[in-house]
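# Structural features, examined
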Amino acid sequence: MARQVECAEEPRVLAIILGGGKGTRLYPLTKERSKPAVPFGGKYRIVDIPISNCINSGYRKIYLLTQFNSASLHLHIINSYNFDRFSRGFVEILAAEQTLEHSGWYEGTADAVRKNVAHFRVQNPTHYIILSGDQLYRMDLKKFMNAHIASGADITIAAKAVNRSDASGFGIMKVDDRNQITSFMEKPAKDLNIDDWKIPQESRAGLPDELEYLASMGIYIFNAKAMDEMLDNKYNDFGKEIIPQAIKSKKVSSYVFNGYWEDIGTIRSFYEATLDLTNPVPHFNFYEEEKPIYTHMRNLPPSKINHADMTATLASEGCVITNSRIQRSVIGVRSIINEGCDLDGVIMMGADFYEDEEVQKENKAKGIPNMGIGKNCKINKAIIDKNSRIGDNCCINVSGKKYEDGDHGMFYSADGIIIIRKFDVIPAGTVI
């Protein structure tokens, strides 16, 4: 009997991962896929990070809300997350849909949750964890939940300590000595005096002196009742509208997260976070046996290295690399790199399939390069998206020429990074 009571008191947690909007800051990687579906780390997708955090924390009822370019994401979820019937777990995509109650797109983070509440209530949750689909971090969500319950709060916001310069890019929270949030400010201007928003001394344990403000990570825990009440309005965004309103009538606490956390919502942040994986001790570590990052099991063969000089490089399974020099790069699944190539600071996302010889012969007759990178190519500081073709003797981003951000026909440029888009063809001898 005591065991039944104990189980009844366990929180029934529903995880909701927000897939984001059009992903314009990650364009052209989001041209044909949603942000959570963007490949990351050679063999993963960005969405694998929050889903794995949930699974590793024991939370296996997961909804993913999305509305833009969801086909690729849907296929990845189906291929990756199939729980056995005894766990009662699931990862389910809820795309924007028309109903008798509403007919429009999601208008914001809160609106996306509001339009799916009917689906959530079937699970009879006591608590919701709201997560972002484009952030890189490892968090013990059960520890987060336990802190929320112990605080007696209606809502808890995960927070990251930041300096004054970074504070202008986030929603900033004022807290008391019990970590209860008393005020919330969205992206304070750089010249605004916010000294009275500094973290109280009683709450600064273990924080570096220069990190004086608490920034919202966009990660929330709501009691189910509080969620229902706070969505009973026309507010569309959690950070800008729901949270400031909740502070007026609910107990809202902060949970300070001291680990690595990075918003990889831009080309620059995506590029830097990916190449950081090649460091001897990266900020984000995939090599944690007890808490793995899960993804699609492809059953590919080991990579074949036909002589190569590789330094600080990740090579995923199924690659064939021949007589090339590769440094500080991340090479995705099924990547083909032919002899004489020199890659430095390259993110190569690989391919979804191998080409057979007949197709290669037909393409050769048409002057179309094979999938992957041809012979004697030199490529620096570039992102090569999936299923692209680069012919022999190409030079990409090695001349020192600067390109304005935007579409340049054969390629795209962002922050000095050259992006070869998905399925793009770069003819032999091209110099970019």
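Computed from a prediction, not measured in an experiment: that's the story for all the values here.

## Here we look at the overall build of the protein chain
The helix and strand inventory of the protein chain stands at eleven helices and 25 strands. For 432 residues, the compact-globule formula gives about 22 Å, and the C-alpha radius of gyration of the protein chain, at 23 Å, lands near that figure. Overall, the protein chain is about 70 × 55 × 45 Å in size when its C-alpha atoms are taken along their principal axes. Looking at the protein chain residue by residue over its 432 residues, the buried ones come to 51%.

## Side note on the packing of aromatic side chains
Under the counting rule described, the total for this entry stands at 14 aromatic pairs. Between the aromatic rings of Y63 and F120, the centroid separation amounts to 5.2 Å while the plane-to-plane angle is 55°, which identifies the pairing as tilted. On the criterion of sequence distance, the pair formed by Y63 in strand β4 (residues 61-66) and F120 in helix α5 (residues 117-121) is long-range, its members being 57 residues apart. Relative accessible area serves as the criterion here: at 4%, Y63 is assigned to the buried category. Over the face of the ring belonging to Y354 we find R334, whose NZ or CZ atom lies 5.9 Å from the ring centre.

## Some words on helix α6 (residues 141-151)
Of the residues making up α6, those classed as buried are L141, F144, M145 and H148. The arc that holds the buried residues of α6, viewed along the axis, is 100°, so those residues lie on one side. Seen from the buried face of α6, the exposed residues on the opposite side, beyond 90 degrees, are K143 and A150. Buried residues along α6 sit in contact with β1 (13-18), α2 (48-56), β6 (127-132), β8 (155-162), β11 (213-223) and β12 (252-256). A distance of 3.1 Å separates the backbone nitrogen of K142 from a side-chain oxygen at the start of α6, and that oxygen is part of D140. One or two steps after α6, the chain reaches G152, where phi turns positive at roughly 75°.

## Side note on the nonpolar core
When a protein is soluble and globular, its nonpolar side chains tend to lie buried together. Grouped together as the largest cluster of nonpolar side chains are 39 residues, with contacts concentrated most on L65, V113, F120, Y128, I130, F222 and F238. Once residues within four sequence positions are removed from consideration, F120 is found in contact with L14, I16, Y63, L65, L94, V113, P125 and Y128.

## Structural notes on the confidence of the model for the protein chain
Detailed reading of the predicted model is not advised wherever pLDDT is low. Of the residues in the protein chain, 96% have a pLDDT of 70 or more, and the chain-wide mean is 92. The low-confidence segment residues 1-8 (pLDDT under 50) makes zero contacts with residues lying over four places distant or belonging to another chain.

## Regarding the side chain of R334
Within the secondary structure, R334 sits in the loop between β15 (320-331) and β16 (336-337). No salt bridge is formed by the buried R334. Its closest oppositely charged neighbour is D352, at 5.0 Å. For R334, the side chain forms a polar contact with the main-chain oxygen of A351, separated by 2.9 Å. Setting aside residues up to four positions removed in sequence, R334 forms contacts with R298, L300, E317, G318, C319, A351, D352, F353 and Y354.

## Things to note about the layout of surface pockets
Size it by volume and the largest pocket reaches roughly 1,200 Å³. Only α4 (109-114), β10 (181-186), β11, α9 (238-249) and β13 (261-263) provide two or more residues apiece to the lining of the largest pocket. Residue contributions to the lining of the largest pocket peak at four residues, all from β11. In the lining of the largest pocket, the residues fall into eleven nonpolar, 17 polar and nine charged.

## Remarks on the pattern of salt bridges
Scanning all chains against the criterion turns up 19 salt bridges. Between K174 and D196 there is a salt bridge; the shortest N-O distance is 3.6 Å. Of this pair, K174 sits in strand β9 (residues 171-175) while D196 sits in the loop between β10 and β11; the two residues are 22 residues apart in sequence, bridging distant segments of the chain. As a salt-bridge pair, D342 and K378 come within 3.4 Å of each other at their nearest N and O atoms. Pair noted here: D342 is in strand β17 (residues 342-348) and K378 is in strand β19 (residues 378-384), with a separation of 36 residues, a long-range link. You can call K378 partly exposed: its relative accessible area is 35%. Counted as one network, the salt bridges with shared partners bring together D111, R114 and K115.

Criteria and thresholds
- Residues numbered from 1 in each chain as written.
- Predicted model: local features only at pLDDT ≥ 70, side-chain atom pairs only at ≥ 80, totals over all residues.
- Heavy atoms only, no water.
- Helix = DSSP H or I, 4+ residues; strand = E, 2+ residues; numbered from the N terminus.
- Rg over C-alpha atoms; globule rule 2.2 N^0.38 Å.
- Buried < 20%, exposed > 50% of the residue type's maximum accessible area, 1.4 Å probe, protein only.
- Phe/Tyr/Trp six-rings, centres within 6.5 Å; stacked < 30°, edge-to-face > 60°.
- Lys NZ or Arg CZ within 6 Å of the ring centre and 35° of its normal.
- Arc of directions from axis to C-beta.
- Contact = heavy atoms within 4.5 Å.
- Polar contact = N/O pair within 3.5 Å; in protein donor to acceptor, adjacent residues only side chain to side chain.
- Core = buried A, V, L, I, M, F, W, Y, C linked by side-chain atoms within 4.5 Å.
- pLDDT = per-residue confidence, 0-100.
- Lys, Arg positive; Asp, Glu negative; His and termini not counted.
- Salt bridge = Lys/Arg side-chain N within 4 Å of Asp/Glu carboxyl O.
- 1 Å grid on protein atoms, 1.4 Å probe; cavity = no way out; pocket = protein on both sides within 12 Å on 5 of 7 lines; lining within 4 Å.
- Points joined across faces, edges and corners; volume = space filled by probe spheres on them.
- Nonpolar A, V, L, I, M, F, W, Y, C, P; charged D, E, K, R; others polar.

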